[in-house]
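So you can see what is in the structure, the chains are spelled out below.
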Amino acid sequence: ASVYGGTENAAELLSVRLRERGVKTVMFDVSVTPASDIIAAAFRWSHLVFAAPTYNAGIFVTMENLLHDLTAHGLKGRRAAYIENGSWAPTSARGMQKLLEPLNWETAADTVTLRSALRQGQQEDLERMAMQLAEGVKA
């Protein structure tokens, strides 16, 4: 989910870094893709990355709805990583993790926190996330 494009840009960069490491990726924009398509894909993947801005001190609405749907489907045995974005108080990663708690998923990588857009040093954070995810996928 992205409001002004900063979160989407970070997710796209992460996807590129993963593909450079030989990891196949698929991206979905939860604002325009039906939740059923995303949930069906989630059943095929071992590792999932959720990227969302903080919206009204919570999770961007379409991402929040998707996470409720995923939890309702009881999808087990996955590993998740999070990219959160927020200008003044990024909190969406904690919110996403809390919604997914009933599924007992493992954390696959350190959370990346943005403040509106990628800043100096944050590309390295995404690089580290890509490395952690790639190692987990190949393990």
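Not measured: the values here are computed from a predicted model.

Draft legend 1. Just the packing of aromatic side chains, in detail. Inspection of every chain in the model, using the stated rule, returns 3 aromatic pairs. Measuring from centroid to centroid gives 6.2 Å for F50 and Y82, while their planes differ by 25°, and the two rings are stacked. With F50 in strand β1 (residues 47–55) and Y82 in strand β3 (residues 79–85), the pair connects residues that are 32 residues apart, well separated along the chain. Residue Y82 is classed as buried on the basis of its relative accessible area, which comes to 4%. Grouped by ring-pair contacts, the aromatic residues F50, Y82 and W105 constitute a single cluster.

Draft legend 2. Geometry of unusual backbone geometry. Despite not being glycine, N56 has its phi angle at roughly 50°, a positive value. Inspection of the secondary structure puts N56 in the loop between β1 and β2 (58–59). Despite not being glycine, S116 has its phi angle at roughly 80°, a positive value. Position of S116 relative to the elements: it lies in the loop between β5 (112–114) and α5 (122–138). Accessibility expressed as a relative area gives 35% for S116, which makes it partly exposed.

Draft legend 3. Quick peek at the packing of helix α2 (residues 35–42) against helix α3 (residues 61–73). It is the contact of α2 with α3, at a shortest axis distance of 10 Å, that shows an interaxial angle of 50°. If you check the angle between α2 and α3, you find them oblique. Two packed elements cross with a definite hand, and for α2 against α3 that hand is right-handed. In contact with A35, I38, I39 and A42 of α2, α3 contributes L66, D69, L70 and H73. Across the contact of α2 with α3, the residue classes tally to 6 nonpolar, 1 polar and 1 charged.

Draft legend 4. Representation of the packing of helix α1 (residues 6–20) against α5 within the structure. The contact between α1 and α5 brings their axes to 9 Å, and the two run at 45°. Taken together, the axes of α1 and α5 lie oblique to each other. Every pair of crossing elements has a handedness; the one defined by α1 and α5 is right-handed. Residue-level contacts link A10, L13, L14, R17 and L18 of α1 to Q123, L126, E127, M129, A130, L133 and A134 of α5. Within the contact of α1 with α5, the residues separate by chemical class into 9 nonpolar, 1 polar and 2 charged.

Each value, and the rule that gives it
- Residues numbered from 1 in each chain as written.
- Predicted model: local features only at pLDDT ≥ 70, side-chain atom pairs only at ≥ 80, totals over all residues.
- Heavy atoms only, no water.
- Phe/Tyr/Trp six-rings, centres within 6.5 Å; stacked < 30°, edge-to-face > 60°.
- Helix = DSSP H or I, 4+ residues; strand = E, 2+ residues; numbered from the N terminus.
- Buried < 20%, exposed > 50% of the residue type's maximum accessible area, 1.4 Å probe, protein only.
- Axes fitted to C-alpha atoms, helices over the stretch in contact; angles between N-to-C directions.
- Parallel < 35°, antiparallel > 145°, perpendicular 65-115°, else oblique.
- Left-handed = near helix turned anticlockwise from the far one by under 90°.
- Contact = heavy atoms within 4.5 Å.
- Nonpolar A, V, L, I, M, F, W, Y, C, P; charged D, E, K, R; others polar.

It is worth stressing that arrangement in space is one thing and function is another; only the former is reported here.
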